[in-house]
Structures are given as C-alpha cells and as structure tokens.
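Summary of structural features
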Amino acid sequence: MGEETHGYYRSASLKFCESLIKDKEAAQQIVCAVFNDLSNSPSGLRLTEPNFKSRLFILLRNQVFNYLKTAAKRELVSVH
C-alpha cells in the first residue's frame, strides 16, 4: 500500500481511533501499525477492493479493542 493510500485514509482513521480511546498518541500508533501490517502482507487488503474502507475500519476497531483490553489488564494488575 502506497503513501497516497495512507495519506488519504490517515485523517479519518485517526479520528476514528481517537474517538474510541481518547488518546492521540496511542491512536497514531494503532493507525501506523495497521497500515504497516497491510503494507507488509502479501495477501493484505487492497485499495481496489470494493470493501476496502469497511475492512480497514474493522481492522482499526479490532486493534483499538485489543489496546483497551491490554490497558484494562495493566490497570487491574497495578491496583493489586
């Protein structure tokens, strides 16, 4: 996936992630990780796929949920 794809979807992806986790830095890390995974995957999601945007946001949502689960576990451990 090229830079133009990342740039085109970056803003919307960041807004989406930030709306879920309220942490700009973590949202940026998640967006970068998802785009890196897509770029490095030989069978990854392609911009030309009809459902590209939907699938991209599903991937982002799943990464946000993983982040939130990990953060909750860290907090639970630090409380005890």
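Residues numbered from 1 in each chain as written. Predicted model: local features only at pLDDT ≥ 70, side-chain atom pairs only at ≥ 80, totals over all residues. Heavy atoms only, no water.

**Examining the packing of aromatic side chains**
Each aromatic ring pair is summarised here by two numbers: the centre-to-centre distance and the angle between the ring planes. Formally: Classification of ring pairs uses Phe, Tyr and Trp, with its six-membered ring standing for Trp, and accepts pairs whose centres are within 6.5 Å; under 30 degrees between planes counts as stacked, over 60 as edge-to-face, and the remaining range as tilted. In this description a helix means any DSSP run of H or I spanning at least four residues, a strand means any run of E spanning at least two, and both kinds are numbered starting from the N terminus. The buried label applies to any residue whose accessible area, calculated with a 1.4 Å probe on protein chains only, is under 20% of its type's maximum; exposed applies above 50%, and partly exposed to all values in between.
Across all of its chains, the model carries two aromatic pairs by this definition. Note on Tyr9 and Phe52: the rings are 5.0 Å apart at their centroids and 55° apart in plane angle, and the pair reads as tilted. Here Phe52 lies in helix α3 (residues 52-79) and Tyr9 lies in helix α1 (residues 3-21), a separation of 43 residues in the sequence. For the pair Tyr9 and Phe52, one class covers both residues: buried. Measuring from ring centre to ring centre gives 5.2 Å for Phe16 and Phe57, while their planes differ by 85°; the resulting arrangement is edge-to-face. Here Phe57 lies in helix α3 and Phe16 lies in helix α1, a separation of 41 residues in the sequence. Exposure remark for Phe57: the relative accessible area of 17% places this residue in the buried category.

**Thoughts on the nonpolar core**
Selection criterion: Residues enter a nonpolar core if they are buried and are Ala, Val, Leu, Ile, Met, Phe, Trp, Tyr or Cys, with the set joined through side-chain atoms within 4.5 Å.
Of all hydrophobic cores here, the largest spans 16 residues; its most connected members are Cys17, Ile21, Ile30, Val31, Val34, Leu56 and Leu60. Considering each element in turn, this core owes the most residues, seven residues, to helix α2 (residues 24-40).

**Section: the confidence of the model for the protein**
Under the convention used in this document: Every residue is assigned a pLDDT by the predictor, reflecting its confidence on a scale from 0 to 100.
In this model, the protein carries a mean pLDDT of 85, and residues with pLDDT of at least 70 account for 85%. Here α1 stands out as the element of the protein with the lowest mean pLDDT, 84, in contrast to α2, whose mean of 91 is the highest.

**Quick look at the environment of Ile30**
Under the convention used in this document: Should any heavy atoms of two residues lie within 4.5 Å, those residues are considered in contact.
Mapped onto the elements, Ile30 comes out in helix α2. For Ile30, the residues in contact, after removing those within four places along its chain, are Cys17, Ile21, Leu60, Gln63, Val64 and Tyr67.

**Re α2**
This is how the line gets drawn: By this rule the span expected of a helix is its residue count minus one, scaled by 1.5 Å. When we speak of the arc, we mean the arc of directions from the helix axis to the C-beta atoms. Any pair of nitrogen or oxygen atoms within 3.5 Å is treated as a polar contact; in protein, a donor-acceptor pairing is required on top of that, and neighbouring residues in sequence qualify only through side-chain atoms on both sides.
Between its first and last C-alpha atoms α2 spans 24 Å; for 17 residues at 1.5 Å apiece the expected length is 24 Å, and the two agree. For α2, the complete set of buried residues consists of Ala26, Ala27, Ile30, Val31, Val34, Phe35 and Leu38. In a view along the axis of α2, the buried residues occupy a sector of 165°, so they form one face of it. Facing away from the buried side of α2, by more than 90 degrees, are the exposed residues Glu25, Gln29 and Asn40. Measuring from the backbone nitrogen of Glu25 back to the side-chain oxygen at the start of α2 gives 3.2 Å, which picks out Asp23 as the cap.

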